[in-house]
Amino acid sequence: MNFRLRPRRRIYEGKGKVLFEGPDPGTLVQYFKDDTTACNNTKKGVITGKGVLNNRISEYLMVKLGEIGVPTHFMRRLNMREQLIRRAEIIPVEVVVRNIVAGSLSERLGIEEGTVLPRSIVEFYYKKDELGNPMVSDEHITAFGWASPMEIDEMMSLSLRVNDYLSGLFLGIGLKLVDFKLEFGRLWDNDELHIILADEISPDNCRLWDVKTNEKMDKDRFRRDLGKVAEAYQEVARRLGIMPENAVFATESEKQK
Ligand code: TMP
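So, here's what we can say about the structure. Treat the numbers as computed from the prediction; the structure is a model and nothing was measured.

A short note on the nonpolar core
- Within the largest apolar cluster, 46 residues are counted, with the highest numbers of intra-cluster contacts made by Phe170, Phe184, Leu197 and Ile201.
- Broken down by secondary-structure element, the contributors of at least two residues to this core are helix H1 (50-67), strand E8 (89-100), strand E9 (116-126), helix H4 (149-171), strand E11 (175-189), strand E12 (192-198), strand E13 (206-210) and helix H6 (229-240).
- The residues contacting Phe184, other than those within four sequence positions of it, are Glu89, Ile90, Ile91, Val95, Met155, Leu158, Ser159, Ile195, Ile196, Leu197 and Ala198.

Describing a negative patch on the surface
- On the surface, a cluster of negative charge is contributed by Asp138, Glu139, Asp153 and Glu154.
- Among the elements of the structure, helix H3 (138-143) and H4 are those that each provide at least two residues to the negative patch.
- As for its position among the elements, Glu139 is in helix H3.

Looking at the packing of H1 against H6
- Running from amino to carboxyl end, H1 crosses H6 at an angle of 30°, the nearest separation of the two axes being 10 Å. It follows that H1 is roughly parallel to H6 by the angle criterion. Note that H1 runs across H6; the crossing there is left-handed. Between H1 and H6, the residues in contact are Lys50, Leu53, Asn54, Ile57 and Tyr60 and Ala230, Tyr233, Gln234, Val236, Ala237 and Leu240, respectively.
- Considered class by class, the residues forming the contact of H1 with H6 number eight nonpolar, two polar and one charged.

A few points about the layout of surface pockets
- What the second largest pocket holds in volume is close to 160 Å³.
- If you go around the second largest pocket, the residues you meet are Pro71, Ser148, Met150, Glu151, Glu154, Leu193, His194 and Ile195.
- Contributing elements (two or more residues each) for the lining of the second largest pocket: H4 and E12.
- Residue composition of the lining of the second largest pocket, by class: four nonpolar, two polar and two charged.

Quick word on the site of the ligand
- Around the ligand lies a shell of 16 residues, among which Arg98, Ser104, Asp179, Asn205 and Arg207 are the nearest.
- Measuring from an oxygen atom of the ligand, one finds a side-chain N or O atom of Asn133 at 3.2 Å.
- Here Arg207 contributes a side-chain N or O atom positioned 2.9 Å from an oxygen atom of the ligand.
- Starting from 450 Å² of accessible surface for the ligand in isolation, the protein chains cover 82%.
- Those elements giving two or more residues to the shell around the ligand turn out to be E8, helix H2 (103-109), E11 and E13.
- Class assignment for the residues of the shell around the ligand results in five nonpolar, four polar and seven charged.

Focus on the pattern of salt bridges
- Using the criterion set out here, one finds 32 salt bridges in the structure.
- Salt-bridge contacts for Arg9 lead to Glu21; the nearest nitrogen and oxygen are separated by 3.3 Å. Of the two residues, Arg9 is situated in the segment before strand E1 (10-13) and Glu21 in strand E2 (residues 17-21); the sequence distance between them amounts to 12 residues.
- A relative accessible area of 26% means that Glu21 is categorised as partly exposed.
- Here Arg77 and Glu59 are joined by a salt bridge, their closest N and O atoms 2.8 Å apart. Placement of the pair is Arg77 in strand E6 (residues 74-77) and Glu59 in helix H1, with a sequence separation of 18 residues.
- Overall, the relative accessible area of 24% leaves Arg77 in the partly exposed class.
- Several salt bridges share partner residues, and in doing so they unite Arg98, Arg108, Glu113, Glu123, Asp179, Arg207, Lys216, Asp220, Arg223 and Arg224 into one network.

Rules behind the numbers
- Each residue is numbered by its place in its chain's sequence as written, counting from 1.
- Side-chain atom pairs in this predicted model are given and counted only at pLDDT of 80 or more, local residue features only at pLDDT of at least 70, and totals for whole chains, interfaces and linings cover all residues.
- Hydrogens are left out, water is left out, and the side-chain values use all remaining heavy atoms of the structure.
- Only buried residues count toward a nonpolar core, which is a set of Ala, Val, Leu, Ile, Met, Phe, Trp, Tyr and Cys residues joined through side-chain atoms within 4.5 Å.
- Each residue gets one of three labels from its accessible area relative to the maximum for its type: buried under 20%, exposed over 50%, partly exposed in between, using a 1.4 Å probe on protein chains only.
- Comment: elements are numbered from the N terminus, with helices defined as DSSP H or I runs of at least four residues and strands as E runs of at least two.
- What makes two residues a contact is simply this: any of their non-hydrogen atoms within 4.5 Å.
- Within the patch definition used here, like charges are joined within 9 Å and nonpolar side chains (Val, Leu, Ile, Met, Phe, Trp, Tyr) within 5 Å, considering only residues with over 30% relative accessible area and no salt bridge.
- For the area figures, the Shrake-Rupley method with a 1.4 Å probe applies, and any residue is considered shielded solely by the protein chains shown.
- Every case where a carboxyl oxygen of Asp or Glu lies within 4 Å of a side-chain nitrogen of Lys or Arg is listed as a salt bridge.
- Under the counting rule used here, the positive set is Lys and Arg, the negative set is Asp and Glu, and His together with the chain ends is not counted.
- Charged groups are reduced to one reference atom each: NZ for lysine, CZ for arginine, CG for aspartic acid, CD for glutamic acid.
- Under this scheme, a helix contributes an axis fitted over its contacting stretch, all axes are lines through C-alpha atoms, and angles between N-to-C directions fall in the 0 to 180 degree range.
- Reported orientations rely on four angle classes, namely roughly parallel under 35 degrees, roughly antiparallel over 145, roughly perpendicular from 65 to 115, and oblique for the rest.
- Rotating anticlockwise by less than a right angle from the far helix to the near helix defines a left-handed crossing, while the corresponding clockwise rotation defines a right-handed one.
- For this classification, the nonpolar set comprises Ala, Val, Leu, Ile, Met, Phe, Trp, Tyr, Cys and Pro, the charged set comprises Asp, Glu, Lys and Arg, and every other residue, Gly included, is treated as polar.
- Here a cavity denotes grid points, spaced 1 Å and computed from the protein atoms alone, that fit a 1.4 Å probe unable to get out, and a pocket denotes an open set having protein on both sides within 12 Å along at least 5 of 7 lines; residues with an atom within 4 Å of a point are the lining.
- Grid points are joined across faces, edges and corners, and a volume is the space filled by probe spheres set on the points.
- One heavy atom within 4 Å of a molecule or strand is enough for the residue carrying it to be called near that molecule or strand.
- Any N or O atom pair separated by 3.5 Å or less is treated as a polar contact, with the protein-specific requirement of one donor-capable and one acceptor-capable atom, and with residues adjacent in sequence counted only for side-chain atom pairs.

Here it is as structure tokens:
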């Protein structure tokens with residue numbers, strides 16, 4: 001039976017995405033929802049059209065990163081809300097790279113938001129929603145067997161490469177890449193284990209500020225009730241030159257659930 005007509009097995013449902021079984025072994029279909037959460041899931045909402053935009057934005061950035069040799073799970077976009085990805089074993093560590101102080105770093109250390117860091121900082125968080133994704137060190141990661149020292153080195157160097165490349169790419173369209181979160185997976189290929197970039201890269205997991213006005217163009221608009229959330233995601237897509245046609249977007253209607 002045609003893959004498109006066959007009922008698909010749901011593998012996992014997260015806050016912003018659903019993973020379905022893919023058409024071939026070792027593949028998954030990643031579906032982007034409009035649902036959004038913040039503040040450890042206590043704040044929930046819907047940003048109409050977000051899934052369509054994040055699917056496009058993440059496709060664009062993953063393809064670009066693939067072109068400079070960063071291995072990613074992305075294979076191809078299937079439609080407005082879905083992309084085909086390689087099935088990897090997700091490493092339960094979130095890697096955050098920061099260039100400018102914002103968010104939890106500002107709160108934790110009492111440093112003013114907007115302070116430019118002397119060098120990029122890489123942080124690790126244990127991917128465990130029930131615990132609110134606590135910050136951990138490489139000692140915790142290796143002691144609890146979440147990743148090996150070699151895998152940590154690989155995640156660090158890939159994250160810094162992604163940071164260098166994306167900082168330049170966003171600067172080219174008038175946006176500062178303040179910080180972002182990456183996830184990685186393990187993939188066996190010809191008996192060799194590889195670390196690949198997984199999840200998504202979008203305004204959901206990046207902070208992007210306008211170069212001239214410092215206006216926030218990312219999920220902080222939702223987290224901090226700044227309004228015009230969908231418009232900010234649209235503007236990022238527009239500046240990247242990938243604004244999808246025929247998409248249905250909210251204007252003043254970022255509905256709070
Ligand atoms: P933070 O300042 O809240 O620690 O977030 C740093 C960056 O990482 C910011 O761009 C948002 C992103 N992030 C996620 O995408 N998911 C998460 O669970 C966390 C903690 C951060």
